[in-house]
Amino acid sequence: MLSQRTRYTIRALLHLADHYGEGPVQLAEIAEAQNIPPKFLTVMLSQMSRLGVVGTRRGRDGGYWLARPPEEISYGEIIRMTRGSLGLLPCAARLAYEKCTNCISEEKCRLHRVMLMVRDETARILDNLSLADPVPFAADEPGLDHDPE
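A few points on the structure.

Conventions we followed
- Residues numbered from 1 in each chain as written.
- Predicted model: local features only at pLDDT ≥ 70, side-chain atom pairs only at ≥ 80, totals over all residues.
- Heavy atoms only, no water.
- Helix = DSSP H or I, 4+ residues; strand = E, 2+ residues; numbered from the N terminus.
- Buried < 20%, exposed > 50% of the residue type's maximum accessible area, 1.4 Å probe, protein only.
- Contact = heavy atoms within 4.5 Å.
- Areas by Shrake-Rupley, 256 points an atom, 1.4 Å probe, with all protein chains shown as cover.
- Salt bridge = Lys/Arg side-chain N within 4 Å of Asp/Glu carboxyl O.
- 1 Å grid on protein atoms, 1.4 Å probe; cavity = no way out; pocket = protein on both sides within 12 Å on 5 of 7 lines; lining within 4 Å.
- Points joined across faces, edges and corners; volume = space filled by probe spheres on them.
- Nonpolar A, V, L, I, M, F, W, Y, C, P; charged D, E, K, R; others polar.
- Phe/Tyr/Trp six-rings, centres within 6.5 Å; stacked < 30°, edge-to-face > 60°.
- Pairing = 2+ DSSP bridges.
- Patch = residues over 30% accessible without salt bridge, like charges linked within 9 Å, V, L, I, M, F, W, Y side chains within 5 Å.
- Lys, Arg positive; Asp, Glu negative; His and termini not counted.
- Charge placed at Lys NZ, Arg CZ, Asp CG, Glu CD.

Quick look at the overall build of the protein chain
In terms of helices and strands, the protein chain carries five helices and two strands. Across the protein chain, helices and strands are ordered from the amino to the carboxyl terminus as α-α-α-β-β-α-α. The buried share among the 149 residues of the protein chain stands at 36%. Sequence separation of at least 24 residues holds for 58% of the intrachain contacts in the protein chain that already meet a minimum separation of 6. Carbon and sulfur atoms make up 55% of the accessible area of the protein chain, which amounts to about 9,600 Å² in all.

A short note on the pattern of salt bridges
Following the criterion strictly, the structure yields four salt bridges and no others. Put simply, Glu121 and Arg124 hold a salt bridge, and the shortest N to O gap is 2.5 Å. Placement of the pair is Glu121 and Arg124 together in helix 5 (residues 110-127), with a separation of three residues, close to one helical turn. A relative accessible area of 38% means that Glu121 is categorised as partly exposed.

Some points on empty space enclosed by the protein
Counted by the stated rule, this structure contains two cavities of 30 Å³ or more. Reported here for the largest cavity is a volume of approximately 40 Å³. Forming the boundary of the largest cavity are Cys91, Lys99, Cys100, Cys103, Ile104, Glu106, Cys109 and His112. Considered class by class, the residues forming the lining of the largest cavity number five nonpolar, one polar and two charged.

Let's talk about the layout of surface pockets
Empty space within the second largest pocket amounts to approximately 210 Å³. Lining the second largest pocket are Leu2, Arg7, Ile10, Arg11, Tyr75, Ile79, Thr122, Leu126 and Leu129. Among the elements of the structure, helix 1 (4-18), helix 4 (75-83) and helix 5 are those that each provide at least two residues to the lining of the second largest pocket. Residue contributions to the lining of the second largest pocket peak at three residues, all from helix 1. For the lining of the second largest pocket, the residue count by class is six nonpolar, one polar and two charged.

Re the packing of aromatic side chains
Counted by the stated rule, this structure contains one aromatic pair. When the centroid spacing of 5.5 Å and the interplanar angle of 75° are considered together, the rings of Tyr8 and Phe40 count as edge-to-face. Taken together, the positions of Tyr8 in helix 1 and Phe40 in helix 3 (residues 38-50) put the pair 32 residues apart, joining distant regions of the chain. The exposure class of Tyr8 is buried, given its relative accessible area of 13%. Its relative accessible area of 31% is what places Phe40 among the partly exposed residues.

Focus: the pairing of strand 1 (residues 54-57)
Sheet topology places strand 1 next to strand 2 (residues 63-66); four bridges connect them, and they run antiparallel. Among the inter-strand pairings, Val54 is bridged to a residue of strand 2, identified as Leu66. Linkage of strand 1 to strand 2, two consecutive antiparallel strands, is achieved through a turn of five residues, within which Gly59 is found at a positive phi near 105°.

Regarding unusual backbone geometry
The backbone of Asn35 sits at a positive phi, close to 55°, despite the residue not being glycine. With respect to the element layout, Asn35 can be found in the loop between helix 2 (27-34) and helix 3.

Let's talk about a negative patch on the surface
Negative charge collects at one region of the surface, where Asp18, Glu22, Glu29 and Glu32 lie side by side. Mapping Asp18 onto the fold places it in helix 1.

This is a description of form; function is not addressed.
See the structure below:
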């Protein structure tokens, strides 16, 4: 499951992608449009600035902007920056691997192998979707409703 921090970061970066090339976007505008607490947004955008994803300028005409074109920023990259891994289990992470506690050996663990397949397929999808890619709203495309069944 994605953390609130990751979801907020993606929404903020999508907002900046929508305004790419228009100059700095003020924090208050992003916070209001995306319903993100301003203090939390400041911390997230500062992290994205340190990682080279977001540019920032202080002052009355300041704000935030994407430091790279939206098509060069994938959802997978953002999730790895905020969450550390795409794996659902520590033993299924490629970059942040950790041996699971209280587990049988990985060679015998079928769950480990299933989670590696899930992680690889998730990475394939998220690494090939960028902030520039059009993603339909649920109401725009059949089959994308939020019905849990």
